[in-house]
Amino acid sequence: MSHNELSDNALSLMASGLAENQSLTELFITHNDLSLPSGVKFINSLANKPQLKSLALNSCRLSSALLEKLVSDMKDSD
């Protein structure tokens, strides 16, 4: 999903699908703007993903608050 210039609506739809997925092992979404309003919903959808082993979020315009939330959620999944 890298370099797709995902819109806010696309992020929201993707987040909804990811929230239900429990078998995701890799996600590469680099160079997409997660600072959009649905970026928070997207980050929240990554919680409770014990199978997720590889996550690439390079150049996604993540705020420190979103990064802290993601780190917290990832620790809770261990």
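Heads up: these notes are all about the structure in this document. In this text the structure is predicted, and so the values were computed from the model without any measurement.

**What about the overall build of the protein?**
(1) Moving on: Along the backbone of the protein there are 3 helices and 2 strands.
(2) Moving on: Counted from the first residue to the last, the protein has its helices and strands arranged as α-β-α-β-α.
(3) Moving on: Here the C-alpha atoms of the protein give a radius of gyration of 11 Å, agreeing with the 12 Å that 2.2 N^0.38 yields for 78 residues.
(4) Moving on: Across its three principal axes, the protein shows a C-alpha extent of roughly 30 × 25 × 20 Å.
(5) Moving on: Within the protein, the fraction of its 78 residues that count as buried is 36%.

**With respect to the environment of Phe28**
(1) Moving on: If you trace the backbone, Phe28 turns up in strand S1 (residues 26-28).
(2) Moving on: On the accessibility criterion, Phe28 (36% relative accessible area) is partly exposed.
(3) Moving on: As a C-alpha pair, Phe28 and Met14 span 14 residues in sequence and 13 Å in three-dimensional space.
(4) Moving on: Residues within four places of Phe28 in sequence aside, it is in contact with Met1, Ser2, Ser54 and Ala56.

Conventions used here
Residues numbered from 1 in each chain as written. Predicted model: local features only at pLDDT ≥ 70, side-chain atom pairs only at ≥ 80, totals over all residues. Heavy atoms only, no water. Helix = DSSP H or I, 4+ residues; strand = E, 2+ residues; numbered from the N terminus. Rg over C-alpha atoms; globule rule 2.2 N^0.38 Å. Buried < 20%, exposed > 50% of the residue type's maximum accessible area, 1.4 Å probe, protein only. Contact = heavy atoms within 4.5 Å.

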